[in-house]
Amino acid sequence: MERIVTVVPEAGLHARPASRFVQTANEYDSEITLEPVDDGKSVNARSMLAVTGLNVESGEDVRLVAEGEDAGAALDALAEVLSSPEDGDEGAEE
């Protein structure tokens, strides 16, 4: 399964948004990869170093690919992280 999502957090996939993304990816058993649509360089979604190394900025489209029994749920959760503004994310945690 795959899904293309536009990155919404102003920081892109750096610092806090990347940390939330990687933590969410680690909650699922599926193999999950992330790649910028324009680049095609695919990385393991569970690796903070790999995810931040893509230098994905706000407004860029990324492709999420998941394979496994919980692939659909993983894609839904990761798409939610990527499409939520950072300020909204903080309010939801409190």
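Just so you know, these numbers come straight off a predicted model, no measurement behind them. Residues take numbers from 1 onward in each chain, read along the sequence in its written order. Restriction of local features to residues with pLDDT of at least 70 applies here, the model being predicted, together with a cutoff of 80 or more for giving and counting side-chain atom pairs; totals for whole chains, interfaces and linings are based on all residues. Each side-chain value is worked out from all heavy atoms of the structure, with water and hydrogens disregarded.

**Topic: the pairing of strand 2 (residues 31-36)**
- A pair of strands is treated as paired once DSSP finds two or more bridges between them. Helix numbering and strand numbering both begin at the N terminus, where a helix is a DSSP run of H or I of at least 4 residues and a strand a DSSP run of E of at least 2. Relative to strand 4 (residues 61-67), strand 2 runs antiparallel, the two sharing six bridges. Pairing of Leu34 across the sheet is with Leu64, part of strand 4.

**Here we look at the sheet that holds strand 4**
- Spatially, four strands are ordered 1-4-2-3 in an open sheet, and the strand pairing comes out antiparallel. The open sheet has two edge strands, strand 1 (2-6) and strand 3 (43-44), and neither has a second partner.
- In this analysis, two residues are considered to be in contact whenever any of their non-hydrogen atoms come within 4.5 Å of each other. Every angle, taken between N-to-C directions, lies between 0 and 180 degrees, and every axis is a line fitted to C-alpha atoms, over only the stretch in contact when it is a helix. Strand contacts of helix 3 (residues 71-82): strand 1, strand 2 and strand 4, with the helix running at about 155 degrees to strand 4, the strand carrying the most contacts.

**Describing helix 1 (residues 15-25)**
- Three exposure classes are used, based on accessible area relative to the maximum for each residue type with a 1.4 Å probe and protein chains only: buried under 20%, partly exposed in between, and exposed over 50%. What helix 1 keeps buried is the set Pro17, Ala18, Phe21, Val22, Thr24 and Ala25. Axial view of helix 1: buried residues confined to an arc of 160 degrees, hence all on one face. Summarising the geometry of helix 1, the exposed residues directed more than 90 degrees from the buried face are Ala15 and Gln23. The arc in question is formed by the directions pointing from the helix axis toward the C-beta atoms.

**Some details on the pairing of strand 4**
- Taken across its seven residues, strand 4 has five buried, putting it largely inside the fold.
- With five bridges joining them, strand 1 and strand 4 adopt antiparallel strand pairing. When the sheet's bridge partners are listed, Glu2 is paired in strand 4 with Val65.

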